[in-house]
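# Fold and contact review
Each chain, letter by letter, is given below.
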Amino acid sequence: MARVSDGRVQQLAANLAAFEARLMAACAAAERPRSEITVVAVTKTFPASDVAALVTLGVGDFGENRDGEARAKAAAIPGVRWHFVGRLQRNKCRSVATYADAVHSVDRIEVADALAHGAARAGRLVDVLVQASLDGDPARGGALPADIPGIAEACARAECLRLSGLMAVAPMDADPDAAFARLAEMAAALVADHPRADAISAGMSGDLEPAVRHGATHVRVGTALLGGRTPRGR
Ligand SMILES: *Cc1c(COP(=O)(O)O)cnc(C)c1O
């Protein structure tokens, strides 16, 4: 792995400090303890040396959205928690189940089943969140509200999966507050059936505050920690 420059470490440390202050302010405004929220650093498109630098700064949870890239970084940086947050095709599930500690983007029963199979084969227990669509556009990923209970059930009955909660990405051009309020309602419905599935993965660099306001337990943060991405990173 390329050695990370001192300048880059200092930049990441400054980004992390600024983000932490912003998160503390969001928690204070929402009257929630900071300890309820896990920060997942989304390192897609950035090198494993940045992951290593963030580890030295105390970050322990990392997110990726493509199997090949995620797999390589997880192999390079063991001893942290890896979260898979991207669109998931059935044929990638076997690979993802070998390194992901949590998968946030389960949006079809066939993906739940394939992950369960992969996790069993790898002898691992994988946390899974059902991704809910907040804009009803299947092209952007996420299950429609009516489909969530069946997907959750498929996860809950798999011995090697642990149903942890819901994930969502706010719609492109709509009010994130309203969207995350709907997500909170869906999360309450899920918890009624599955009491331990109380995680809500919501909030990215641009919509942290409304997500924290509406109960996010996991925020997935790329740009605010690592800087701008080249175009492929979305
Ligand atoms: C890239 C990505 C993020 C992080 O986005 P930023 O706006 O850079 O913070 C969060 N969640 C998912 C699913 C992503 O693909």
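Here we come to the layout of surface pockets. There is about 240 Å³ of room inside the second largest pocket. Around the second largest pocket, the lining residues are Asp127, Cys155, Ala156, Ala158, Leu161, Arg162, Leu163, Ser164, His194, Pro195, Arg196 and Ala197. At the level of secondary structure, the elements contributing two or more residues to the lining of the second largest pocket comprise helix H6 (148–156) and strand E6 (161–167). Ranked by residue count, the leading element in the lining of the second largest pocket is E6, at four residues. Partitioning the lining of the second largest pocket into residue classes produces seven nonpolar, two polar and three charged.

This part covers the site of the ligand. Val42, Lys44, Val85, Met204, Ser205, Arg220, Val221, Gly222, Thr223 and Arg229 make up every residue found near the ligand. At a separation of 2.6 Å, an oxygen atom of the ligand approaches a polar side-chain atom of Lys44. Taking Arg220, its side chain carries an N or O atom lying 2.9 Å from a nitrogen atom of the ligand. Calculation on the ligand without its partners gives an accessible area of 390 Å², and the protein chains cover 88% of this total. Looking at side-chain class alone, the shell around the ligand contains four nonpolar, three polar and three charged residues.

Moving on to the pattern of salt bridges. One side chain can pair with another of opposite charge once the charged atoms of both are near each other. Under the counting rule described, the total for this entry stands at 16 salt bridges. Linking Glu20 and Arg34 is a salt bridge whose minimum nitrogen-to-oxygen distance equals 2.5 Å. Residue Glu20 is located in helix H1 (residues 6–30), and its partner Arg34 is located in the loop between H1 and strand E1 (38–42); the two are separated by 14 residues in the primary sequence. Using a relative accessible area of 27% as the deciding quantity, one classes Glu20 as partly exposed. Asp101 is the partner of Arg124 in a salt bridge, and the nearest nitrogen-oxygen pair spans 3.4 Å. One end of the pair, Arg124, is in the loop between helix H5 (109–122) and strand E5 (126–131); the other, Asp101, is in the loop between helix H4 (93–99) and strand E4 (102–106), with 23 residues separating them in the sequence. Through salt bridges with shared partners, one network takes in Arg87, Arg90, Asp107, Arg108 and Glu110.

Rules and cut-offs
Residues numbered from 1 in each chain as written. Predicted model: local features only at pLDDT ≥ 70, side-chain atom pairs only at ≥ 80, totals over all residues. Heavy atoms only, no water. 1 Å grid on protein atoms, 1.4 Å probe; cavity = no way out; pocket = protein on both sides within 12 Å on 5 of 7 lines; lining within 4 Å. Points joined across faces, edges and corners; volume = space filled by probe spheres on them. Helix = DSSP H or I, 4+ residues; strand = E, 2+ residues; numbered from the N terminus. Nonpolar A, V, L, I, M, F, W, Y, C, P; charged D, E, K, R; others polar. Near = heavy atom within 4 Å. Polar contact = N/O pair within 3.5 Å; in protein donor to acceptor, adjacent residues only side chain to side chain. Areas by Shrake-Rupley, 256 points an atom, 1.4 Å probe, with all protein chains shown as cover. Salt bridge = Lys/Arg side-chain N within 4 Å of Asp/Glu carboxyl O. Buried < 20%, exposed > 50% of the residue type's maximum accessible area, 1.4 Å probe, protein only.

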